[in-house]
Amino acid sequence: GIGSGSVGFTGEGRFMDWEIFNRPSKGSDNGYSHIAVRAETEDGIICKVLNGDMQKDLMGHYKGDLPYAGYGYGPRTNTMAGFSHFRSWEFDGQFPMAKLSLTDPDFPAEASVAAFNPFIPNDSKNSSIPGAFFEVTLKNKTAKTVTYTVAFTLANPFECSRNSRLADGGVFLMNAGADPADVEYGDMTVKAQGAETGEQVYWYRGGWQDGIATYWREFGSPKGFSDRSYDTDGKNDHCTVWVKETVPAGKAMTARFVMTWNVPNCYNYWNPLQDENGKHVSWKNWYATQWKDSRESAAYSMGKWDELYSRTDAFRKALWSSTVDPAVIDAAASTLSVLHSVTVLRLEDGTLYGWEGAMERVGSCEGSCTHVWNYAYAACFLFPDLERSMREVDYKVNLQPDGAMRFRYPLPVGRPGGWKMPCVDGQMGGIIKVYREWKLCGDDAWLKKLWPDVKKSLEFAWSKENALEWDSDKDGVLEGRQHHTLDMELFGPSSWLEGLYLAALKAGAEMAEYLGETESAAEYMELFRKGQKWMEENLFNGKWYFQKVDLNDKSRVEKYNHAYETLQGGDSVSTYWNTETGEIKYQIGEGSAIDQMLGQWHAVLCGLGDIFDPENRRTAMDSLYRNNYKPTFRAFSNPWRNYAVNDDAGTVICDYPDGAYKPTIPIPYCEETMHGFEYSAAGLFMSEGRLDEAVQMVKGVRDRYNGKARNPFNEIECGNNYARSMAAFGFLPILAGFRFDLTKGMIGFAPVEKEKTFRTVWSVDGAWGTVEADREHVRIEVLEGSLRANRFELPDLREISAVKVNGAQAAFTAANGAVVLEEKTLSGVLEIFA
């Protein structure tokens, strides 16, 4: 669930990465937790673990933390690799659901497991359930009646374990050694649903392999499981729940299992804060404010299973039926998994909080980092309430009195400290995102509440208190010292950061005008026009956009030394000056940077129009694809992190073609392939109709994540499950030509591909659905919610001949490619005919 932790379900059906304890735990397991099946006929009993073959680590795991385990001891016994399992299997991972199908000539059934956690646009509560849902189907492939048992085993993960039978079926597992208010406390519940259900509350306690050996013997015996209990607390006790059914030839049975958890109390484990009594300052997970423990969330989940499954499956079907290239839908859908990963938390009031990613045992780069989350275009469309919560806390805790903004905040919320250096792309991106969220929800009161802080953050660019002098002469051009997402600073204007500044000015002007601040609106638009003109005349070399800086001018670094010490500490001259070559380090200079037109990408998605000159940007895109996209890395040298190797393809951060001078120490990560950057660049190509090049760029990433070399649901950058990759979801609104402005009750579509029928999903605050469009007909279906819109902009349709709402003719007016209905809201299906 969103902000509730997760358990991994592998391609061969195993559980791993038990990240339910409010922190990452890559590679972790939980005892012998697994699913197994049993078939009983007149010929005897056969049992199998519901797994395929173990695919790796057959010599054992490196860094084994147990004696007589690890590399040199083979797979750990709790992988169940040594138990009878299925010969053939296939994993179909259409996020947010997975289906594992298994067959074996020795087992008298075709088996499948459907695994999911609810993922329902605009329903952030049900999409945040702390649990995992599994539906096992066994189809009798014999000519005889077979009695099947499906058993779900769960280990109590706590050192001081206590298991108990629930009155309505299932087992409750808790940490008996901690008070429910302690950060160490946790509990879990596993429940089964089917024809006949039962539970074994405790496995046999013993040494060596006593427990697993006894379990497997009992599972395969005619008597079945013993009803065992203990009066004392144990350590990591196991339990098993099961579903049993007798199935005629050719028929099937279904067993449902839900496993939920409750580890309610979070604290800052990476930089602890203690109260006056020496206890960790803690807060509750949001889910713990909705369900008092795992018993309650399990009962809720099982009771609403059909609804949660059908709504999640409806989104899956709509998403995966998009008529876009398979690599594009694979990227857009699979990277949504970040929202169900340990990268994401929900704070006690429901606020969405994000790490950048996750290391093996610790989150990677705290604080909802604004410049990284700038790229994430999933939550804003699918869970707008959560995205708005990120904006609210950003301006509440990150805005400083002078208008500078921290770009990450420490936990708990309101804690002092943290990085003081403001970040240009994070700060300007925040303004663009406020504009976006306002347009997606149409809530004027929300904008009015944030506007004074948004305005202050924008005007910080030319504020006299800005010691970094971003735009000190107020000419619309970013200069000064500019921190950014590549973790250092630029000391001269670049199209990358300038483009974001221009987009923020344009967004700010429209918000100011709407709120009646006409003078501010005019001021911002004048700065936009000046800056845009200067950028086109000074930062475009006829082939691509670049950074204008005199690399040999040491004074540019020395000028901001005082500001550096005040905001961050340290000696900026020694950090940025290359004494040996007499150059400023970490600059783009004449290079072709992948993000040189990032502001235009945001503008396309948010409806801000042109930021860059159309002709110049098309020329720059020619150069970017020719130079930055690498079809192979065989002959390429990269001193940074290796996200593309060998015959992988990818698009690098910066390239220096056609005799362009490459600084002796250029921009950090220069030769890397970071996927969020690759996706945003590909999205810009899509917006210009350059689909072949865009698809190649996307395939360059997704071919690496093919399930063999890399995990398709874990794109990496600075750690696992990296948030920036959610830039991929932006492909769908871009290809749909999706426009939205709920302040005016408007949505619209102008698909990039006009020679065929186009279909995909759309979502705004309060409603989501599908659109299907060609030159003669547009069909907009609201699958959930109520769309607060009556104006539909469809520039590709010529003269409108008819409009139907839910099959009935509807009154309308039409002009300039827009259809206006009398009814202010839409539910069901709208069809518009040319």
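Read on for an overview of the structure. Sequence order sets the numbering: in each chain, residues are counted from 1 along the sequence as written. The predicted nature of this model means local features are confined to residues of pLDDT at least 70 and side-chain atom pairs, given and counted, to a pLDDT of 80 or more, with totals for whole chains, interfaces and linings taken over all residues. Processing note: side-chain calculations cover all non-hydrogen atoms of the structure and skip hydrogens and water entirely.

We now examine the packing of aromatic side chains. Side-chain rings of Phe, Tyr and Trp (the six-membered ring for Trp) are treated as a pair once their centres are within 6.5 Å; stacked means planes under 30 degrees apart, edge-to-face means over 60, and tilted covers the remaining angles. A complete count under the given rule lists 57 aromatic pairs for this structure. Where Phe-15 meets Phe-152, the ring centres are 5.8 Å apart and the plane angle is 35°; that geometry is what we call tilted. Residue Phe-15 is located in strand S2 (residues 15-19), and its partner Phe-152 is located in strand S9 (residues 146-155); the two are separated by 137 residues in the primary sequence. Between buried and exposed lies partly exposed: a residue is buried under 20% and exposed over 50% of the maximum accessible area for its type, with that area taken using a 1.4 Å probe on protein chains only. Overall, Phe-15 belongs to the buried group, its relative accessible area being 9%. Every member of this aromatic cluster is reached through a ring pair, and the members are Tyr-32, Phe-83, Trp-203, Tyr-215, Trp-216, Phe-219, Phe-225 and Trp-242. For a ring to carry a charge above it, either NZ of a lysine or CZ of an arginine must fall within 6 Å of the ring centroid while also lying within 35 degrees of the normal to the ring plane. Here the guanidinium or amino end of Arg-724 rests over the ring plane of Tyr-375, the centre of that ring lying 4.8 Å away. Here a strand is any run of E in DSSP of at least two residues, a helix any run of H or I of at least four, and the numbering for each starts at the N terminus.

This part covers the pairing of strand S10 (residues 161-165). Whether two strands pair depends on DSSP finding at least two bridges between them. The pairing of S10 with strand S11 (residues 171-175) spans five bridges and is classified as antiparallel. Looking across to S11, one finds that Asn-163 is bridged to Leu-173. Between S10 and the antiparallel strand that follows it, S11, lie five residues; Gly-169 among them carries a positive phi value of about 95°.

Moving on, we get to the nonpolar core. Side-chain atoms within 4.5 Å are what join buried Ala, Val, Leu, Ile, Met, Phe, Trp, Tyr and Cys residues into a set we call a nonpolar core. Membership of the largest hydrophobic core comes to 162 residues, with the highest contact counts inside it found for Met-428, Met-511, Trp-762 and Leu-787. Counting residues per element, this core draws most heavily on helix H11 (residues 495-514), which supplies 12 residues. Among the nonpolar cores identified, the runner-up in size contains 56 residues, and Phe-134, Ala-298, Met-302 and Trp-305 belong to it.

What follows concerns the side chain of Ser-341. Relative to the helices and strands, Ser-341 is located in the loop between helix H5 (326-334) and strand S18 (344-346). Note on Ser-341: relative accessible area 5%, which makes it buried. A distance of 2.7 Å separates the side chain of Ser-341 from the backbone oxygen of Val-338, its partner in a polar contact. A contact between two residues is defined here by any heavy atoms of the two lying within 4.5 Å. Each residue touching Ser-341, except ones within four places of it in the same chain, is listed here: Ser-6 and Asn-721. In protein, a polar contact requires one atom able to donate a hydrogen and another able to accept it; more generally it is a pair of N or O atoms within 3.5 Å, and residues adjacent in sequence count only if both atoms are side-chain atoms.

Sheet architecture is open: eight strands sit in the order S5-S6-S7-S8-S15-S12-S11-S10, paired in antiparallel fashion. Two strands close off the open sheet at either side, each with one partner strand: strand S5 (88-94) and S10. Neighbouring strand axes in the sheet, compared pairwise and without regard to direction, differ in orientation by 15° on average. For S5 and strand S6 (residues 97-103), the ladder comprises seven bridges, and the chain directions are antiparallel. For every element, the axis is a line fit to its C-alpha atoms; helices are fit only across the contacting stretch, and the angle between N-to-C directions ranges from 0 to 180 degrees.

This brings us to the pattern of salt bridges. A pair is scored as a salt bridge if a Lys or Arg side-chain nitrogen falls within 4 Å of a carboxyl oxygen belonging to Asp or Glu. Evaluated as defined, the whole model comprises 64 salt bridges. Its salt-bridge partner being Arg-388, residue Asp-765 comes within 3.4 Å of it at the nearest N-O pair. One end of the pair, Asp-765, is in the loop between strand S32 (758-764) and strand S33 (767-773); the other, Arg-388, is in helix H8 (residues 384-398), and 377 residues separate them in sequence. With its nearest N and O atoms 2.8 Å apart, the salt bridge here joins Lys-754 to Asp-796. Of this pair, Lys-754 sits in the loop between strand S31 (746-748) and S32 while Asp-796 sits in the loop between strand S35 (791-793) and strand S36 (802-805), placing them 42 residues apart in sequence. Residue classification places Lys-754 among the partly exposed residues on the basis of a relative accessible area of 30%. Each of the salt bridges in this network shares a partner with another, and the network as a whole consists of Asp-123, Lys-304, Glu-307, Arg-311 and Glu-784.

What is shown is where atoms sit, not what they do.
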